[in-house]
Amino acid sequence: MRKRIVLCVLFAALLLTGCGKSKEEPGDAKLVLGFSQIGSESAWRIGNTKDIEEQAEAYGIGLMLENANQKQENQIAAIRRFIAYQVDVIAFSPVVEEGWDNVLKEAKDAGIPVILVDRDINTEQEGLTTCLIGADFYKEGVMAAEYLIRKADRLGLEQVNIVEITGTENSTPMRQRQAGFMDTIAADSRMCVLESIDGDFLKSRGEECMRYYLEKYGDTIDVVFSHNDEMTIGALPEIENAGLAPGKDIIIISIDGGQEAINVLKEGKINCVVECTPKLGRELMETALKLKNGEQVETVIHPKEQVFSDEIDVSQIGPRGY
Ligand code: GYE
């Protein structure tokens, strides 16, 4: 009863401050899920938040959603609030991999199961989280590199100079996309990575990184490998301002597959977009319900993903929904 009152007070407060998004009355919900989202840095992230809200509503799950504005300390504080309010299940998308042990130990001591959504953590401790629902980022990096190798074959390139714009330093997609890409091109002696810089998954940083690369390497750049669509979209006008044609003079490879990037792929200014789906909400709700019922869950759930590129008929790619 006490828990029910506390939750109702919390939800009223969240609704008043505009933070609470659920239309469910938590007391009536089958389950209350606290979810700490990283931020709103990209179309991917916004689509992911929307999907989780929609699925929570469809499943009748009470959702306490908090947006951390890219700050780990905000995520830790949100998780502590979820523990204090005794939610049934906690989920979060860790902005970086390290630094979660203490707060997750607190959740474990409180008996609240934790689901990792989208990104992973790096810890020595066992059993702090129950499972991970998110993309296979290593495979995404591999698929990006395999495309590049095929493209270099088709164009008969002898040397391929690559610049990389990476996602947030120490985040799982940054580490794994880079590792998958680098491991795959390692065996191809034509491939030469000129430099990698942290673009933090932001459009503004994509612009800055590209400007720097063009000043330093000029038209010797053959390929831009960018870890997300936002940074790619930021980089493209810089390339055009330098008098080069993206998609022709420079091969552009991106990851995510949001609508804006797919439109640019159709215009021929991006050559390849590896899909990363933000639609993780349904799996999250199913998993949260299983945990609440004490059922076993799979430790890793990867969605299926594909590659959109100039090797296919891009006019056939349907609406992306994010
Ligand atoms: O690629 C990027 C977002 O973690 C998969 O984060 C996610 C990444 C996604 O900001 O656009």
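What counts, and where the lines are drawn
Residues numbered from 1 in each chain as written. Predicted model: local features only at pLDDT ≥ 70, side-chain atom pairs only at ≥ 80, totals over all residues. Heavy atoms only, no water. Domains from an automatic or database assignment. Contact = heavy atoms within 4.5 Å. Salt bridge = Lys/Arg side-chain N within 4 Å of Asp/Glu carboxyl O. Polar contact = N/O pair within 3.5 Å; in protein donor to acceptor, adjacent residues only side chain to side chain. Nonpolar A, V, L, I, M, F, W, Y, C, P; charged D, E, K, R; others polar. Helix = DSSP H or I, 4+ residues; strand = E, 2+ residues; numbered from the N terminus. Buried < 20%, exposed > 50% of the residue type's maximum accessible area, 1.4 Å probe, protein only. Pairing = 2+ DSSP bridges. Axes fitted to C-alpha atoms, helices over the stretch in contact; angles between N-to-C directions.

Draft legend 1. How the structure looks around the domain arrangement of the protein chain. Under the domain assignment, the protein chain is made up of domain 1 (2–135 + 278–307) and domain 2 (137–276). Averaged C-alpha coordinates put domain 1 and domain 2 at centres separated by 31 Å. Opposite the 18 residues of domain 1 that make contact, domain 2 presents 20 residues. Linking domain 1 to domain 2 there are 2 salt bridges. Between arginine 175 and glutamate 97 there is a salt bridge whose closest N-O contact spans 2.5 Å. The interface formed by domain 1 and domain 2 contains 9 residue pairs in polar contact (both at pLDDT 80 or more). The class makeup of the residues in the side of domain 1 that touches domain 2 is 7 nonpolar, 3 polar and 8 charged.

Draft legend 2. Structural context of the pattern of salt bridges. Inspection of the entire model under this criterion finds 25 salt bridges. Two residues, glutamate 54 and lysine 50, come together in a salt bridge whose shortest N-O distance is 3.5 Å. Of the two residues, glutamate 54 and lysine 50 both sit in helix α2 (residues 43–59), 4 residues apart, roughly one turn of that helix. For glutamate 54, a relative accessible area of 41% gives the class partly exposed. By relative accessible area, lysine 50 is classed as partly exposed at 46%. Beyond isolated ion pairs, a larger network of salt bridges with shared partners links Arg150, Lys151, Arg154, Asp310 and Glu311.

Draft legend 3. A look at the sheet that holds strand β10 (residues 272–275). With mixed pairing, 6 strands are arranged side by side in an open sheet as β7-β6-β8-β9-β10-β12. Sheet topology places β7 (191–198) and β12 (307–309) at the edges, where each strand pairs with a single neighbour. When strand polarity is set aside, the average angle formed by the axes of neighbouring strands in this sheet is 15°. As defined by bridge partners, β10 adjoins β12 across 3 bridges and the pair is classed as antiparallel. Pairing of valine 274 across the sheet is with valine 307, part of β12. Each of β6 (160–166), β7, β8 (223–226) and β9 (251–256) touches helix α6 (residues 172–185); the most contacted strand, β6, lies at about 170° to it. Running over the sheet, helix α7 (residues 203–217) touches β6, β7 and β8 and is turned about 135° from β7.

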